[in-house]
Amino acid sequence: MTERCILIVDDELSVRSSLEEWFREDGFRVETAEDGQAALRAMDRGPFDIILLDLKMPGMDGITVQKRVREIDPAATIIILTAYASVQTAVEALKLGAFDYVTKPVDPDDLSNLVRNALQTRALAEENVRLKEKVSELAAIAPIVGVSARMEHVLEMIRTVAETDSSVVIRGESGTGKELVARAIHAQSRRRYFPLVAVNSGSIPESLLESELFGHEKGAYTGAQYRRKGKIELANGGTLFLDEIGDITPKMQIGLLRVLETHRFTRLGGNQEIASDFRLICATHKNLEKLVEEEVFREDLFYRINVFSIQVPPLRERPEDILPLSRFFVEKYARAMGKPIRAVSPEAEAALLAHRWPGNVRELENAIERAMVVGKGPALDARDLPLAAQSDAAGEPQARSLAALEKDHVARVLRDCSGNVTQAAKVLGIDRATLYNKLKRYGLRR
Amino acid sequence: MAVPIHLAYVDGPTPGWSDALIAGVADVFPNPIRAFSAPVDLTPCFVPSRQQHHATLVLAALLRHRPDASSKILGIVPVDLFIPVLTFVFGQAQLDGPGAVVSTYRLRSEFYGLAEDEGVLVERAIKECVHELGHAFGLVHCDFYDCVMHASSTVDEVDVKGAAFCGHCVSVLEGKGWE
């Protein structure tokens with residue numbers, strides 16, 4: 001057990017020495033100071049578990065000493081010693097953060113209880129800090145993997161917006177990782193010790209969404225046998241993440257707008273207004289401005305939620321992120337499945353780079369997961385990736401440049417030739433040097 | 001040779017329960033124990049504003065009556081003791097030092113409006129004497145509720161704890177060369 005330390009600050013020698021003896025018998029390391037200046041010097045020998053501070057001292061008074069001590073050690077547990085005549089000053093000391101005060105002379109039982117409570121409170125506060133740090137570590141979100149300039153920009157925006165309490169709309173195609181961005185904002189915000197409550201507005205019918213968001217009282221509707229808290233109430237102190245905000249009905253839009261304006265609401269079937277302090281983050285794959293133009297989405301709600309907007313780029317617009325993401329998923333599933341696959345073969349890399357990824361990062365993760373299931377190792381092989389069939393099935397929905405087509409074709413032929421450049425060059429009808437130049441230009445590997 | 005312990009009755013003759021007290025202390029301390037009546041003048045230790053005796057001054061006066069420099073002296077006084085800041089103390093000791101003092105004033109049942117009970121008084125006095133002597137031999141308060149070194153701010157707490165050292169405190173004393 002670590003030694004407990006106490007600092008006794010009192011101008012009366014008899015008080016200092018008797019308390020010193022008392023606390024030494026209690027196993028404390030005791031330091032004493034006869035005035036404020038000596039107390040501040042003694043702080044160098046701290047930190048102290050408890051500081052017993054006399055209010056009335058010549059020179060620097062106890063209140064001033066308390067303020068100065070707090071500047072040195074903001075977590076100091078200060079107990080004020082005072083005479084009955086100066087109780088008013090003791091109250092002032094309490095307002096400044098003193099733990100408690102005792103009037104001289106104090107009953108030994110009261111002093112023992114006070115010291116015991118102060119130590120327990122301090123221990124709990126320290127434990128609380130440790131646990132919060134631990135929770136922070138454990139609740140660390142899945143990292144956003146990306147080396148491209150566009151993802152660097154997204155990460156920078158996350159850092160910027162996390163410090164504020166503004167509403168955020170995260171836009172991007174399906175599978176780009178919008179919820180991951182929302183969780184990253186929450187994890188870096190001051191609300192991180194409170195919950196992030198996610199609701200997928202698009203997947204829940206309107207009748208259920210209302211109950212899901214606002215909760216309901218017992219008997220609010222058939223089947224409502226118990227009172228149930230809604231997601232808005234559960235998000236109190238934290239963040240409410242509404243995915244697919246572009247899909248909610250006009251009626252829900254009105255309800256949501258009211259909550260956002262007042263941060264108050266009533267449960268379904270209830271009369272009591274409930275307050276909830278939450279930060280709203282929305283996500284959508286739809287063009288909200290267009291929905292506003294079409295009068296499908298309320299303009300006032302749009303401006304309320306669209307304080308800050310983050311666009312998550314599709315994977316095809318940041319091909320330099322494909323391989324880092326692939327390696328991340330390989331490691332993730334190798335750990336989860338206990339497989340000895342730790343790398344991606346050059347052929348698999350070429351195939352991954354050649355694919356268009358219409359389903360974005362989610363599709364990439366699924367492809368890697370499936371390849372990891374069937375793969376034997378030691379590296380992830382192109383044959384295990386379910387890409388070719390998928391690309392064929394998906395067709396080519398958009399007009400593509402010649403360079404993109406050439407890149408895909410070169411990667412495919414190289415893969416078919418198991419990375420043999422001579423053979424691939426022969427199939428393509430070009431010489432090896434030309435093929436090497438193309439591989440370099442398109443960032444392809446053998 | 002173990003350090004001799006002198007039990008000094010102050011401000012009065014040796015009480016009738018002295019043998020019981022010595023026996024109780026001797027159950028814990030194997031040291032040679034001698035009791036005597038010490039002619040200590042407590043008048044200078046009395047503080048009229050509090051109507052109590054200053055424990056530190058009593059202890060200082062007592063130490064002048066210590067028979068030899070190598071012994072421990074424990075004064076037993078019938079008066080109410082205090083130290084500044086605190087309303088009262090059951091006793092006081094010099095940690096790892098030569099002297100200690102115990103007041104029987106608040107150990108008596110009469111103080112709490114109950115009938116006189118010498119058995120209870122002796123039991124409490126043994127615990128407090130062993131406790132203060134424990135301090136004089138270098139022990140600090142112990143968290144174990146049954147250990148005699150457990151801190152007692154009320155007479156109820158004195159009654160609850162035992163009269164002997166716990167294993168931990170014994171090992172600490174042995175580490176200090178206690179036999």
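The structure under discussion appears in the preceding block.
We now turn to the structure provided with this report. (Residues numbered from 1 in each chain as written. Chains lettered and ligands numbered in written order. Predicted model: local features only at pLDDT ≥ 70, side-chain atom pairs only at ≥ 80, totals over all residues.)

Contacts between the two partners involve 16 residues from chain B, matched on the other side by 19 residues from chain A. Its residues assigned to classes, the side of chain B that touches chain A comprises nine nonpolar, seven polar and no charged. (Contact = placed C-beta atoms within 7 Å. Nonpolar A, V, L, I, M, F, W, Y, C, P; charged D, E, K, R; others polar.)

Once that is clear, we can look at the pairing of strand E8 (residues 99–103) of chain B. Along any regular strand, the residues point their side chains to alternate faces of the sheet. Residues and elements named next belong to chain B. Burial analysis of E8 places five of its five residues in the buried class, the great majority of the element. In this structure, strand E5 (residues 72–77) lies alongside E8, joined through five bridges in parallel fashion. When the sheet's bridge partners are listed, Ile73 is paired in E8 with Gly99. (Buried ≥ 20, exposed ≤ 12 C-beta atoms within 10 Å, placed from the backbone. Helix = DSSP H or I, 4+ residues; strand = E, 2+ residues; numbered from the N terminus. Pairing = 2+ DSSP bridges.)

As a further point, take the pairing of strand E4 (residues 78–82) of chain A. All names here are of chain A. By the criterion of burial, E4 is predominantly enclosed, with five of the five residues buried. Residue alternation in E4 divides its side chains into two sets, Ile78, Ile80 and Thr82 and Ile79 and Leu81, and both sets are buried. Bridge analysis of strand E3 (residues 50–54) against E4 gives four bridges, and the strand direction is parallel. Looking at E4, one finds that Leu52 is bridged to Ile79.

Right, let's talk about the environment of Phe90(B) for a bit. All names here are of chain B. Looking at the element boundaries, Phe90 is found in the loop between strand E6 (81–82) and strand E7 (91–93). When the C-alpha positions of Phe90 and Ala125 are compared, they lie 9.7 Å apart, and in sequence the two are 35 residues distant. Discounting chain neighbours no more than four positions away, the residues touching Phe90 are Val102, Ser103, Arg106, Glu128 and Ser152.

Moving on to unusual backbone geometry. The omega angle of the peptide bond from Lys104(A) to Pro105(A) is -5°, so this bond is cis rather than trans. Note on placement: Pro105(A) falls in the loop between strand E5 (100–103) and helix H5 (108–138). One non-glycine residue with positive phi stands out, namely Asp96(B), at about 60°.

Side chains of nonpolar character tend, in soluble globular proteins, to be buried together. Judged by nonpolar contacts, the single largest core of 78 residues is most densely connected at Ile51(A), Leu52(A), Ile80(A), Leu62(B) and Leu74(B). Of all hydrophobic cores here, the second largest spans 38 residues; its members include Val154(A), Leu242(A), Phe265(A) and Val312(A). (Core = buried A, V, L, I, M, F, W, Y, C linked by C-beta atoms within 7 Å.)

Residue and element names in this part refer to chain B. Pairing in this open sheet of three strands is mixed, and the strands run E3-E4-E6 from one edge to the other. What marks the edges here is a single partner per strand, and that holds for strand E3 (46–47) and E6. Here strand E4 (residues 52–54) pairs with E6 via two bridges, running parallel. Within E6, the residue paired with His53 across the bridge is Leu81. Across the sheet, helix H2 (residues 55–63) lies against E4 and E6, angled at about 60° from E4, the strand it touches most. (Axes fitted to C-alpha atoms, helices over the stretch in contact; angles between N-to-C directions.)

Without other data, these values stay purely geometric and don't point to any function.
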